[in-house]
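Working through the structure, step by step
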Amino acid sequence: LDLSKCRLGDSGIKAIASALEANGNDALAALHLGDNDVSDEGAGVLFSVLARCGNLGVRHLDLRWNRLKDASHIRHPSSVSLPPPLLSLSVSLNQ
């Protein structure tokens, strides 16, 4: 699902996280959320939902071109294991 450049902000990302958690659908393999003005707060909520609900099926998460600054748990996933079944996480080009 490509929702890049949709101006979602943190509130939109939180709504997406809630919908993913509520539906528990594993048909969503990739989630592209680049260039949406997402901060550490919104990304943290999404990452927490993915960690709690490993059955969501999201394998590729793109958070490039947002406002992630101090989200060490997101920027350095090697220090914390990626939630299953997440295989790739793109966070480059953040402010």
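Because the structure is a prediction, the values reported are computed rather than measured.

Further remarks concern the pattern of salt bridges. This model, assessed by the stated rule, comprises four salt bridges. A salt bridge links Glu21 to Arg52; its shortest N-O distance comes to 2.8 Å. Here the residue Glu21 occupies a position in helix 1 (residues 9-23), and Arg52 occupies one in helix 2 (residues 40-52), the gap between them amounting to 31 residues. Residue classification places Glu21 among the partly exposed positions, given a relative accessible area of 35%.

With that settled, the discussion passes to unusual backbone geometry. Backbone geometry at Asp35 places phi at a positive 55°, although glycine is not the residue there. Here Asp35 falls in the partly exposed class, since its relative accessible area comes to 38%. The backbone phi angle of Leu93 is positive, close to 65°, even though this residue is not glycine. With respect to the helices and strands, the residue Leu93 is situated in the segment after strand 3 (88-90). Look at Leu93 and you get partly exposed, because its relative accessible area is 47%.

Overall, parallel pairing links the three strands, which are arranged 1-2-3 in an open sheet. In this open sheet, the two strands that pair with only one neighbour each are strand 1 (30-32) and strand 3. Along the sheet, successive strands turn relative to each other by an average axial angle of 5°, direction set aside. One ladder, built from three bridges, connects strand 1 with strand 2 (residues 60-62); its direction is parallel. The residue of strand 2 that forms the bridge with Leu31 is Leu61.

Its location among the elements puts Asp10 in helix 1. For the pair formed by Asp10 and Ala43, sequence separation is 33 residues and the distance between their alpha carbons is 7.6 Å. Apart from residues lying up to four places away in sequence, Asp10 is in contact with Asp37, Val38, Ser39, Glu41, Gly42 and Arg67. A polar atom in the side chain of Asp10 sits 3.3 Å from the backbone nitrogen of Gly42.

Time to look at the side chain of Asn36. Position of Asn36 relative to the elements: it lies in the loop between strand 1 and helix 2. At 2.9 Å, the side chain of Asn36 and the backbone oxygen of Leu3 are in polar contact. Setting aside residues up to four positions removed in sequence, Asn36 forms contacts with Leu3, Ser4, Lys5, Cys6, Arg7, Leu8, Gly9, Trp65 and Asn66.

How each quantity is defined
Residues numbered from 1 in each chain as written. Predicted model: local features only at pLDDT ≥ 70, side-chain atom pairs only at ≥ 80, totals over all residues. Heavy atoms only, no water. Salt bridge = Lys/Arg side-chain N within 4 Å of Asp/Glu carboxyl O. Helix = DSSP H or I, 4+ residues; strand = E, 2+ residues; numbered from the N terminus. Buried < 20%, exposed > 50% of the residue type's maximum accessible area, 1.4 Å probe, protein only. Pairing = 2+ DSSP bridges. Axes fitted to C-alpha atoms, helices over the stretch in contact; angles between N-to-C directions. Contact = heavy atoms within 4.5 Å. Polar contact = N/O pair within 3.5 Å; in protein donor to acceptor, adjacent residues only side chain to side chain.

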